[in-house]
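Structure at a glance
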Amino acid sequence: MIVAVIALAALGGAQPAHRDATTDACEEVVRFGLFDAIAPISIAATTAWLDDAPRVCFGYYRERSGPDALLTLAHGDYDIALMGSTVFTTAIERGVPVSAVGILALPTSSEGLATRAGLGEPRSLRGSTLATVRGSTAHYHLEAFLHEMTIDARDVTIVFGQYVEIMRLWDAGKIDGAACWAPCLDHVLTKPHGGTGAPGALLYDAETLLRWGFGTGIVIVAHDDFISRRPDVVQRVVERSIRAANDYRTNRDGPDWTAGRFADAAGRFLAMDLGNETTVPAAFVVNQLGRTEWPDTRTQIGFLEIGIESLQHQAAFSFAQKDLAEPPYEDPSIYLPHIGASFLRAVTTETVPLDAEPDPVPDFIPYAVRAQLPVPGEGCEPFSVIDGDATFDDGSTGENAYARNANCVWALRAPATGCVALDVPFLSSEGVRDRVEVFSATGDLRATFFGRRGGHPTTVGCVVADAPPPGVAAALVGGAAPDIEGVGLYVRWSTDDEDELAMGAIEPVGFRATARAIEPQERICGPGRGGALCDAPYCVGVVEVTGEGGVIKTQVADDAYQPNSRCAWRIPARGGRVVLDVARLGLERVRDVVTIYDGAAATPGFGALAQPVPFPVFELLRRKYRMSGTHAPTVPLVVDNDVFVTFESDGIANRPRDGGPAGLEIRWRRDAAESTLCPEVASCGRNGRCEEGVCVCDTGYYGETCAFDTCVGAAPWRVAPSGRIVSNAGADYSPGQFCGWPLNIPGREGESIAGIRLRFDRFDIEAPEGQATTTDRAVVFYSVGPQQGSVLCIFRRVMSQQGQTSAGAAVDPATDETKFTFDDGDTLEVLLPEPAAAGANVQLMLGFETDANNHRPFSGFDVTYGVAFDGPAFCDERWPCAEGEVCEDDRCVDEKPRKSKHSRSRRQLRRMKRGVIVAMIVFACVIGLAFCVFGGIYGARVVRTKDELETERVRVVRDQVDSARQWVEDFQAPFCVVAADTFIALGALRPHEALRDGPRDADDDECDKQHTRLEFYDSVDDVERARRGGAVFVFLSHQWLGHAHPDPAGIHYKAMCRALQAVAEDAGVALSAVRAWVDVSSIPQANQATQSLAVASLPTFASCVDYFIVVAPDTEHVTTGCGCDAATYRKRAWCRAEVVACWARRGADRMFVATNRGLRPLFVDTGDGVDTYLEECLEVFAGDLTCCRLQHPDGEPCDKEALVPPFLGLIAELYRDRKQRPEAWAKVRDRADELFPRTFSYESGGVTTTLPLFGDLIEAILRLVDSEGTDGASPEPVLRGLAPGTTGQRHVAKAHRRSPHQHSRHLVATAPHSGDGSTLRGSRDAGSLRGSPGVLFRALSDRVVRRSPPAALRELPTASPAVTERSTAATVATAASAATVATTETPRDNWASSPPASPWSSTSLWSSSRSPESKTGSSERRLTWALPTGRAERPRVSTVSLQPVLPTVEDV
């Protein structure tokens, strides 16, 4: 019998237990989750060795599996628990506040794969069915074994279940093997397969996988809150676990561990864990302990600190198995805060024997020798009615466990007051698996209570005025139950078939509730609060929303929402529509979701009458939007009906992984019915058009306002015999979605519909690949109705035997077997169970279900559907007839020859008439032959010329786009910085050359003599390497305060010094670790060529730093007298460019402005979600430029043209990463035409001309990014018809007015930050290059100017223009001589045999060749040189092609 009596607090956090005086009363009970397997520390469970009575006692609970232990630990119901290292990595990746404080065991032969007879070799596993616990170390080892044995994952069926279920499957003969640990593994190895066969045999064990590099361990994990609150208890657990393991290793053959008290104590633990009160044989204990390695302190420390790479590998496995929704962290430092090796280092008693002081192991203690079990006969009735004030419970007594598989319902009838209140002062259950649910009289879920925490809010229910819907009680009971009148609330207590079998300091379990009559009261809780008294700071149950608008929130605070939440809000439309603006979305991706339904009815899980069904077609038809993660929609969500919003979370993390604000906040309003959706309520954007007040979305876009590029729920009904469905227009579809396209196929009189035809023109969904599994699938449903729909067919993507993915596989829903595979473009026919009635319509639905993640982007599917009649085939423009058939009246019929109905004479007359007609035609042809010949020749020449010009234009656009993307990938000039302590010691801003060269004569001051070091970084990788070494990079952006000097009075310099000190403090580093970039010191001032390259790299410089600081205190320009401050700073185009470049790549977190009032964030939300500063800075090309003010003397290019390449590259990055940073892409998406104009006004010599700027390059780069997922596809088709930007068009137009020599000898350098925007310009000698800052400038600056001396530049040839003349008035302009550059890289094979004298020698690296002439007669010169890589290896060889730019099609 159990003699411990434990009293629990009714409210508060963890409920402490107290023992009476006869059993050494304890002040606190520590809950410890243990595995079923025996370990040396198991002796503590039966001897209370870990107890420190009367202060601390331990209660031990059986873990079903590591994932279950993690769930319980994350919820706070365990303080310490054991779990496999694979599960521990999942905890870290999902942000659970836990830490590993020790390693209990390294499995060897205690874990492995045991198989039935006949499967003794790895190759024999093909076609077998194996069972394991999902996400466990055994699962990890099984997948690793199959991979190492090159066994395709498709050839083995893996089923998942708890270890008890796996043993049952083995006994029933339903599996061929099991990958698990003792005692499951022992069961398979000793019990006959299927009850009659031979026992299983071990195929591999964990020790084998350890030798292969797949090591795992059993980790002792503690909750961080418990570690901070009771580090002494954690140290006790670690210390005694190591001490017990050492004693076993030292004395494993001694009497205590072979047949004595330690073996008996461990045996009693396993016996109690199995529900018995006796021990197990000592031989069995010895066998179990001997099959596992129990590591010492040093080994444990090494596993935790050195084995992080192994943990990362296990995290990758968890991602591939969909246990993680987001990719694992690549930075190993993320794991370090979760490694509590300090407890291991503090161990001092490792070698002390267990029977020696201090703290020897005691003998058995009465209260610790029995597990907590349910008593037969104790429990609750299936259905009970309670009138008035009363107390009721689960039916268990004392400290007995409550009954398993319970489902008890109480109907709380309201007295004369009409309302009843429910309080739950005591509840202690096994997590969310055993729970108390409260429902209203109408069946709505009001609250859910579970776990071992108190403080459950009061729930109130009142008798409804109208008769409640029938069947609520029966639905809750799951069988027959009468409808009771006057019910205010229903309470349901449900448990599963498992029990934790608690041992040690056993706590009372079950629940106790009280019902009491109350007066009706109207209480409206504020946003984020729940409960009848609004005392819960989080949402609870289903809430009826009132008013014309308001706010929906999941919790009051922004730190974390409630675990295992089930909240819902019902918003009535009252004949109008409901508009929802998602103000905040901060949820753990996929695991925690918000769903918006069309209609007021509760959905499964939120209403007693909404029971879950196998195929929830009707529920899916109501689903309008499903959201998760942190990417909130930027447009309103509109529903033309009542709305039911649900929020569900699991018990882990309860916050986004990036650590931002958590939870959901929706601002809703109700619009009148007479208002139209578009354009009054919302805009259809770029992806749809407004027709009769409704948005009609382009193919692949969804939502009432066409704002989503992937499906988000149920699409509108389609009533047509054929159509096209595209799952997503974006580059990747969303994980964790279940989308549907309902089809109402119209019947035809006299004909029956037999099914539907499908043609997947694209079927690119995730397929099993390597360790990656997937459940992504497309499903065809039939019989769409309020109950369920039957599945006709399932389509999945599969792997071919060669490892390449085929288009797809049709799977039988009954057997899950593949019927056939198909490729893109194949026509499939899905038949109904039997043809529909003649003339009847058929309702079908195509569903698309996705799992937790995609291991790479997938473009989804593009399917064309058409009705299949039980007769002639249907035909239209989408479904042409087969060869030999024609389409008549939407049906394919045989093409038959017509029989003649004319006599012989009539046929002769007809032949004569035909002869006359032929003669006339021949005569006309002869007359016009000359015109046709000459016209054909002329037309062919025009067509050929236009095609060549179009091809050339496509090439120019592609070159510009490719060059732009390369432009932002790395620096075009060295990135020069100054250490912050050195910078502060300078006393003033110093020019680049002074810091680079040091003092050159005696007149230089002492500061120059002491501080003459600049740090040079040649690539972004160099910067990243320095950052990993502890360096912090700061970009200081400012206006020049004078023409001759950037900061004559030192005002900006002082602000810069204060800013650098603030950065060092914020980053937690010394000043010597901070690196500052400032224009006058970091950009060459004397050499104009190198200065131009550094200026051109400004956007890249600004985007690679850790901190971006705008230095803009209030002051005046010393030359002009104009004010200079933060407002004038952001008017400058170059300043805006630096700000936007940093924001586009790094975000706004570490961007500040230094003013007279100190350092403050650069971007500040004004309250309406719009940052006016950012909005203004985004208008880069509307900013002020000095070159425009000076009207571009001598026809110099505008600085706007120099900004086109880097911003085009940044746009490509934003669009490519729009899934990860949707808010950034949304800022520029809708304003792209405004922010990046196609043309600009160019003024020179008093003449204003409109010239191309971006042209169609924005559209071109978006198309190219979208097409990158198409393997082998040429980019030419997507670029046809698009015009180049400034470097392609402007100089083509100027070719008529400039000679080739004028056009090829110009190089511009600009300094953007002079106070009045003055431009620093320099001319080159006759041998230097001339050209716009476009494709040519970028390639040469990166490959020649930066890496080769000026002599190399003088050897570049000038391309000759190709001239085309016309004799008519529309004379075609002379082809431009502006050269475009294409680069390629190839290994130089003869490098080793003939190395140059110097790696920087241009004469030894240059070679020249001429390519064959093109069809147009233009020539191409190729210059090839090798670029040193900084290592003793063969350098790269780059090729630059100088090609004339032909006239555009518009010129023709």
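Just so it is clear, the structure is predicted and the values come from calculations on it, not from any experiment.

**Re helix α9 (residues 231-251)**
- Over its 21 residues, α9 extends 30 Å from the first C-alpha to the last, a length consistent with the 30 Å expected when each residue adds 1.5 Å.
- The element α9 is extensively covered by neighbouring structure, given that 16 of its 21 residues are classed as buried.

**Concerning the sheet that holds strand β41 (residues 827-831)**
- The strand order across the open sheet built from four strands is β34-β43-β36-β41, with neighbouring strands paired in antiparallel fashion. Each edge of the sheet is formed by a strand with only one pairing partner; in this case those strands are β34 (722-726) and β41. Across the sheet, the mean angle from the axis of one strand to that of its neighbour is 25°, orientation sign disregarded.
- Direction of pairing for β34 relative to strand β43 (residues 860-869): antiparallel, over a ladder of five bridges. Bridge assignment links valine 726 to a residue of β43, and that residue is aspartate 862.

**What to know about the state of the cysteines**
- Considering all chains together, one arrives at twelve disulfides under this definition.
- Through a disulfide, cysteine 419 is tied to cysteine 462; the S-S separation comes to 1.9 Å. Between cysteine 419 and cysteine 462 the disulfide shows an S-S torsion of about 105°. By sign, it is right-handed. Residue cysteine 419 is found in strand β15 (residues 419-428), and its partner cysteine 462 is found in strand β18 (residues 459-462); the two are separated by 43 residues along the sequence.
- Through a disulfide, cysteine 881 is tied to cysteine 892; the S-S separation comes to 2.1 Å. Handedness here is read from the sign of the S-S torsion; for cysteine 881 and cysteine 892, about -95°, the answer is left-handed. Residue cysteine 881 is located in the loop between β43 and β44 (885-888), and its partner cysteine 892 is located in strand β45 (residues 891-894); the two are separated by eleven residues in the primary sequence. Considered together, cysteine 881 and cysteine 892 belong to a single accessibility category, that of buried residues.

**Examining the confidence of the model for the chain**
- In the predicted model, the chain carries a mean pLDDT of 79, and 81% of its residues have values of at least 70.
- Overall, residues 1004-1011 carries pLDDT values under 50, and its contacts beyond four positions in sequence, including any with other chains, amount to 16 contacts.
- Every residue in residues 1288-1452 scores below 50 in pLDDT, and together they form 341 contacts with partners more than four places removed in sequence or on other chains.

**Quick notes on the nonpolar core**
- Within the largest apolar cluster, 86 residues are counted, with the highest numbers of intra-cluster contacts made by Phe32, Ile43, Phe58, Tyr60 and Leu104.
- Among all residues touching phenylalanine 32, those that are not within four sequence positions of it are Leu50, Phe58, Gly59, Tyr60, Tyr61, Ile80, Ala81, Leu82 and Val237.
- Counting residues in each nonpolar core, the second largest holds 84 residues, with Ile1083, Leu1214, Leu1235 and Ala1260 among its members.

**A word on the packing of helix α2 (residues 66-75) against helix α3 (residues 85-93)**
- Two elements in contact, α2 and α3, have axes whose closest approach is 9 Å; the angle formed by their N-to-C orientations is 35°. Of the two possible hands of crossing, α2 and α3 adopt the one that is right-handed. Here α2 contributes Gly66, Pro67 and Leu70 to the contact with α3, which in turn contributes Val87, Thr90 and Ala91.

About the criteria used
Residues numbered from 1 in each chain as written. Predicted model: local features only at pLDDT ≥ 70, side-chain atom pairs only at ≥ 80, totals over all residues. Heavy atoms only, no water. Helix = DSSP H or I, 4+ residues; strand = E, 2+ residues; numbered from the N terminus. Expected span 1.5 Å × (residues − 1). Buried < 20%, exposed > 50% of the residue type's maximum accessible area, 1.4 Å probe, protein only. Pairing = 2+ DSSP bridges. Axes fitted to C-alpha atoms, helices over the stretch in contact; angles between N-to-C directions. Disulfide = S-S within 2.5 Å. pLDDT = per-residue confidence, 0-100. Contact = heavy atoms within 4.5 Å. Core = buried A, V, L, I, M, F, W, Y, C linked by side-chain atoms within 4.5 Å. Left-handed = near helix turned anticlockwise from the far one by under 90°.

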